[in-house]
Amino acid sequence: MLGLLARRLAFTVPMLVVVSFCVFSLIVLVPGDPAVALAGENPDPEQIAAVRERLGLDDPFLVQFWHWFSGVLQGDLGQSLFSSQSVAAAVFSRLPATLSLALLSLAVALVLGVAVGVLAAMRPGTWIDRVATFAASLGVAVPYFWVGMILVLLFAINLTIFPAVGYVPLTENPLQWFLHLFLPATALGLAPAAVIARQTRAGMTGVLREDYVRTATAKGLPPARVVGQHALKNAAVPVVTAFGLEASRLIGGTVVIEQLFALPGLGNLAYTSVFARDFPMVQGVLLVVAALVLLINLLVDLSYGYFNPRIRQS
Amino acid sequence: MTTTAPAATPPPAAPPSSAPAPGPDRPGFWRRFRDNRPAFVALVVLAVLVLASLAAPLIAPYAPEAIDVPRRLSLSTPDHWLGTDSLGRDTFTRLLYAGRVSLMAAALAVAIATAVGVPLGLLAGYVGGKVDWLLGRAGDVLMTFPAIILAIAIIAATGPGLQNAMVALGIVYAPRLFRVTRAATLQVRAETYVEASISIGTPAWKIIARRVLPNVASPVLVQVSVMLAAALLAEAALSLLGLGVVPPTASWGVMLGSGFKEIRSTPLLVFWPGVAIAVATLSFNLIGDGLRDALGRRIRKAAP
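The rules behind the values
Residues numbered from 1 in each chain as written. Chains lettered and ligands numbered in written order. Predicted model: local features only at pLDDT ≥ 70, side-chain atom pairs only at ≥ 80, totals over all residues. Helix = DSSP H or I, 4+ residues; strand = E, 2+ residues; numbered from the N terminus. Buried ≥ 20, exposed ≤ 12 C-beta atoms within 10 Å, placed from the backbone. Core = buried A, V, L, I, M, F, W, Y, C linked by C-beta atoms within 7 Å. Axes fitted to C-alpha atoms, helices over the stretch in contact; angles between N-to-C directions. Parallel < 35°, antiparallel > 145°, perpendicular 65-115°, else oblique. Left-handed = near helix turned anticlockwise from the far one by under 90°. Contact = placed C-beta atoms within 7 Å. Nonpolar A, V, L, I, M, F, W, Y, C, P; charged D, E, K, R; others polar. Expected span 1.5 Å × (residues − 1). pLDDT = per-residue confidence, 0-100.

## Section: the overall build of chain A
- Counting its regular elements, chain A contains 14 helices and zero strands.
- Sequence-ordered secondary structure for chain A, helices as α and strands as β, is α-α-α-α-α-α-α-α-α-α-α-α-α-α.
- Viewed in the frame of its principal axes, chain A has a C-alpha envelope of about 80 × 55 × 35 Å.
- Burial statistics for chain A: of 314 residues in total, 40% are counted as buried.

Shown next as structure tokens:
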């Protein structure tokens, strides 16, 4: 397992460096003189000079990158162009809301997806299977932000069970934290749940036909244990792969959902920074998000080693 | 074929004159696609959507920007079948016009992704070596960013607008098509008939055009269909945030965004564009599934 970890890290660390370079290089795409474009509406020469100075735009490109990157290595993501806030502090203060939303959505996706997939696989061809398959097709196609709007309409406006907007930190009030995140997490989790349900069903129908499953059933093991202890672990690899891909997409979705539900997360920070053209802030968010995705991929790869011991050696 | 005693002779090396034309022993591609009912229905639905959008100026009862303030936020009425928005603009009319924008935008993004991803995939798969390694790693890096967030970052640099948004999406999706094309190319590259072509000195571009491209087309087509669904959703999300299509031009995403502001008084305003997006996305996905099934079984039954 340690060997696997070392191999994966040997891939992830250089990736992080290249990803940082790409994030930094985005400034090349700014049309015209970045200092003029980024200095705000009708900038005067002093503002332009200040931006130029702040971003070090007079240095050669690689020197600029090195200035920025050596800061990143020490946890310094630079300064906001328009406020006195440091990018790292802003990003860090927004992280809890986004992580809460993402983790809760992934929990919804995993629990719902695996449950529906297993249920369908245990009764293939029955109405349960057909309803599950249809629901999964629908779940993949229906836009998550639309689901969010409909959920707000049903459960926040008509029934007033859940709050429509806002965020309460977990440390402040766990119940309110959960209530505020329930609708956004459900909206964001349904589509990945559908994908995971498909993968689980496909994997499980194969595994449930294996001899060792029949043996386990024949020796009198209750179905729950046959599925839970024997079948699920062997059907897990494609499910985990889907989970990793969906996790990346889900993190992208937080941007829109945070906007709809007024959650003070990273996506919201990216959104406001884009409109303010606060470029260092956008770069900071992008870098942190990419690092998050790389971390998820690393965990997914490592989990293969747990689910399928043969991978540990190869 | 007139051979009656095949047992004694080894199977002939398929002289071109007597080889059966490919296909007759299996139902044609179109038959197989048509027999897949969900996919066929999806194709019909999508065709209706596209035609209705294209014919918007002919079908639509109003002009898309026509304002009817006295009847703003109305529900379904004989005058306004699907109601009106906060400025009294006809929802049905705007849905049709928005369809043009949304579908075109998705097509544009996928076209860009195809134009970038497929040639590079062919190159990487055919040439291999360092080129393959380098392009592959570049794709890995791009795939590290969630599509929407990378698109937003690109828009942060270039400024909002439909074209910028779609170019951004095209770049984000290109690695997916690159991977599919590269994998299919590698497979064809290993075939004996390609080896043979190389050894008799056929130029590479000819081999790629005549031998590789036809084999790569199927998986690419499937991927394109699924990607259109994803691009449609992404365009809607970006426009909803105000980073894609800029009002007063309507896209389904713009309509969702402005409708959400009125959700307490007129929930129908978010209902219809959502349905339109969902129907179009579902259709693209089902067509993709149908294409996969119809194109997938390439090996004919006669083959060992």
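Past the structure itself, the notes keep going.
## Let's talk about the environment of B:Val275
- For B:Val275, the position within the fold is in helix 11 (residues 268–296).
- Remark: the alpha-carbon pair of B:Val275 and B:Trp252, spanning 23 residues in sequence, is separated by 9.6 Å.

## A short note on the nonpolar core
- Ranked by size, the top nonpolar core spans 174 residues in total, and within it B:Ala151, B:Ile152, B:Leu169 and B:Ala231 carry the most contacts.
- With 18 residues, helix 9 (residues 204–240) of chain B is the largest single contributor of residues to this core.

## Details of the packing of helix 13 (residues 279–307) of chain A against helix 6 (residues 147–158) of chain B
- For the pair helix 13 of chain A and helix 6 of chain B, the least separation of the axes is 10 Å and the interaxial angle reads 160 degrees. Considering the angle they form, helix 13 of chain A stands roughly antiparallel to helix 6 of chain B. Of the two elements, helix 13 of chain A crosses helix 6 of chain B, and the hand of that crossing is left-handed. Across the interface between the two elements, A:Phe279, A:Val282, A:Leu286 and A:Val289 from helix 13 of chain A touch B:Ile149, B:Ala153 and B:Ala156 from helix 6 of chain B.
- Class assignment for the residues of the contact of helix 13 of chain A with helix 6 of chain B results in seven nonpolar, no polar and no charged.

## Some words on the environment of A:Leu119
- Tracing the backbone through its elements, the reader meets A:Leu119 in helix 5 (residues 87–122).
- Apart from the residues within four sequence positions on either side, A:Leu119 is in contact with A:Ile128 and A:Ala132.

## A few points about the environment of A:Ile257
Residues and elements named next belong to chain A.
- Position of Ile257 among the secondary structure elements: in helix 11 (residues 236–260).
- Residue class for Ile257 comes out buried when judged on the 27 C-beta atoms lying within 10 Å of it.
- Residues Ile257 and Val28 lie 229 residues apart in sequence; the distance between their C-alpha atoms is 29 Å.
- In this structure Ile257 touches Leu101, Phe145, Gly148, Pro184, Ala187 and Leu188, once residues within four positions along its chain are discounted.

## Quick look at helix 4 (residues 61–73) of chain A
- Taking 1.5 Å of rise per residue, 13 residues should cover 18 Å, and helix 4 of chain A covers 18 Å from first to last C-alpha, within 8% of that figure.
- At the C-terminal side of helix 4 of chain A, A:Gly75 shows a positive phi close to 80 degrees.

## Considerations on the interface of chain A and chain B
- Taken together, the contact pairs 40 residues of chain A with 34 residues of chain B.
- Secondary structure elements with two or more residues in the side of chain A that touches chain B: helix 1 (2–25), helix 6 (127–141), helix 7 (144–158), helix 11, helix 12 (266–276) and helix 13 of chain A.
- Sort the elements by how many residues they give to the side of chain A that touches chain B and helix 11 of chain A lands first, with eight residues.
- Looking at the side of chain A that touches chain B residue by residue, the classes come out as 34 nonpolar, four polar and two charged.

## Focus on the confidence of the model for chain A
- The share of residues in chain A with pLDDT of 70 or more is 98%, and the mean pLDDT across the chain is 85.
- Per-element confidence in chain A ranges from a low mean pLDDT of 67 for helix 14 (residues 310–313) of chain A to a high of 92 for helix 5 of chain A.

## Observations regarding unusual backbone geometry
All names here are of chain A.
- Its identity as a non-glycine residue notwithstanding, Thr160 has a phi of 50 degrees, on the positive side.
- In this fold, Thr160 is placed in the loop between helix 7 and helix 8 (174–207).
- A positive phi is found at Arg277, a non-glycine position, where the angle reads about 55 degrees.
- Checked against the element boundaries, Arg277 lands in the loop between helix 12 and helix 13.

## Here we look at the confidence of the model for chain B
All names here are of chain B.
- Across chain B, pLDDT averages 80, with 84% of residues at or above 70.
- With pLDDT under 50 throughout, residues 1–23 is counted as low confidence; its partners more than four residues away or in other chains account for three contacts.
- For residues 297–304, every residue scores under 50 in pLDDT, and the model assigns this stretch five contacts once sequence neighbours within four places are set aside.
- Across the assembled chains, the prediction reports ipTM 0.84 with pTM 0.82.

## Here's the deal with the packing of helix 9 of chain B against helix 10 (residues 252–261) of chain B
All names here are of chain B.
- Two numbers describe how helix 9 lies on helix 10: the axes approach to 7 Å, and their chain directions differ by 40 degrees. In this view, helix 9 runs oblique relative to helix 10, as classed from their interaxial angle. Judged by the sense of rotation from one axis to the other, the crossing of helix 9 with helix 10 is right-handed. Residues Glu235, Ala236, Ala237, Leu238, Ser239 and Leu240 of helix 9 form the contact with helix 10, whose participating residues are Trp252, Gly253, Val254, Leu256 and Gly257.
- By residue class, the composition of the contact of helix 9 with helix 10 is seven nonpolar, three polar and one charged.

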